[in-house]
Amino acid sequence: MITHPSPPAAAAAFIIAVITIIVYNKKRLQNFINANNTRRNQDDTVPPREVLRVSETASNATDIGSEKVSSATDITTNTAEKDTSNCATCGKGGDDLKTCNACKLVKYCNANCQKAHRPKHKKKCQERAAELLDEALFKQPPPREDCPICFLRLPPRTRTTYQLCCGKVLCDGCMCAVAKETDTCPFCRGPSIYSNKEAVKRCKKRMEAGDAEAFLMLGCDYDDGVMGLPQDSKKAGELWIRAGELGHSMAHYNVASAYYEGTGVERNMKKAIKYYQLAAMEGHEGSRHNLACFEINAGNMTRAMKHFMIAAGAGDDDSLEAVTDGFVKGHVNKDEYEKTLRAHKDSNDEMKSDHRDSAIEARALDRQLASLLGR
């Protein structure tokens, strides 16, 4: 006769089974979890992109659009202004003339000449500066770097790990594969970090070497008040700005989000858009997606679809969904839509591997176990 256990007994048996799984997989999971606990996952520390899907008021939308750049269709192209080899004000020539930083069209022999010419030059300067910004903004951004171990293009940041020992960003596929055998760094074979104090110490050492990722990471730690550090949004912003100066797109995204949300700084849409633009030009798909949302709110659908198509072509699923919606509504033509679909598929195919699929499963298992154990 088969007897069925009582509900309490069944629950106890289930808990024992879970504990058995944990013990059996202890080394693999612990190594994988430790690696993730020693670095901040920056995509989880900033406002989600979806907050920008909420439309601003009509007046705000207009302001946002005007703060960013003029519409490309309203710009009159100016390729030169008289003789660019001489000062635009006094006509003096020479090798020491300074080019206008905004438009690159004219030169001046000194600041006084530039100031005197400003009233006459201002409109053309702004138009040309807007043109130059658009050229850079809608240029195909650089792709992500390759994982230094498997040489496949790195996946989104939520599926990568920054190694404080050597400063390398590794895909979770390589991290998970090596974690089955050892607890050392898959790249440099350095020992794993098991304390917050040691993690912060190594992070600061990487910062001394000018590592942008380390500045970003410590900034996130200050922003969240973790790793034994006090919560300090101002300090976080300073570190993110420094990381951005070193070329880190995620740092620019964090600064933009801080200005957008008014976190640690006074809310400033002009500065938020500026830093989203910098991040987008450096290849950050989330920033480009946000810029597209701003353009929609400002009524610039053509510019919005350009942003969405670039981000979708880099593998961003949210942007692809927006392009699909744009195609249905007639904002995107058939050729553009097909090109975007192919680019999106190719981009994601470049990031796939069996090890990375296993890492995704390991992360899912970790979340399940953490939920069961109340972590």
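A brief look at the structure comes next.

Calculation notes
- Residues numbered from 1 in each chain as written.
- Predicted model: local features only at pLDDT ≥ 70, side-chain atom pairs only at ≥ 80, totals over all residues.
- Heavy atoms only, no water.
- Axes fitted to C-alpha atoms, helices over the stretch in contact; angles between N-to-C directions.
- Helix = DSSP H or I, 4+ residues; strand = E, 2+ residues; numbered from the N terminus.
- Parallel < 35°, antiparallel > 145°, perpendicular 65-115°, else oblique.
- Left-handed = near helix turned anticlockwise from the far one by under 90°.
- Contact = heavy atoms within 4.5 Å.
- Nonpolar A, V, L, I, M, F, W, Y, C, P; charged D, E, K, R; others polar.
- Expected span 1.5 Å × (residues − 1).
- Buried < 20%, exposed > 50% of the residue type's maximum accessible area, 1.4 Å probe, protein only.

1. A look at the packing of helix α6 (residues 196-208) against helix α7 (residues 212-224)
Part 1 of the argument: One can describe the packing of α6 onto α7 by two numbers: an axis separation of 8 Å at closest approach and a directional angle of 140 degrees. The angle between α6 and α7 falls in the class oblique. The way α6 lies across α7 gives a crossing that is left-handed. On the side of α6, the interface is formed by V200, C203, K204, R206 and M207, while α7 contributes A214, F215, M217 and L218.
Part 2 of the argument: Along the lines of polarity and charge, the residues of the contact of α6 with α7 split into seven nonpolar, no polar and two charged.

2. A closer look at the environment of D357
Part 1 of the argument: Inspection of the secondary structure puts D357 in helix α15 (residues 354-372).
Part 2 of the argument: A C-alpha to C-alpha distance of 7.2 Å links D357 and G173, two positions 184 residues apart in sequence.

3. Comments concerning helix α11 (residues 285-297)
One full turn of an α-helix is made of 3.6 residues, so residues set three or four places apart face in the same direction.
Part 1 of the argument: Under the 1.5 Å per step criterion, the end-to-end length of α11 is 19 Å for 13 residues, consistent within 8% with the ideal 18 Å.
Part 2 of the argument: Extensive coverage of α11 is indicated by the burial of 12 of its 13 residues.
Part 3 of the argument: Positive phi shows up at G299, right after α11, with a value of about 85 degrees.

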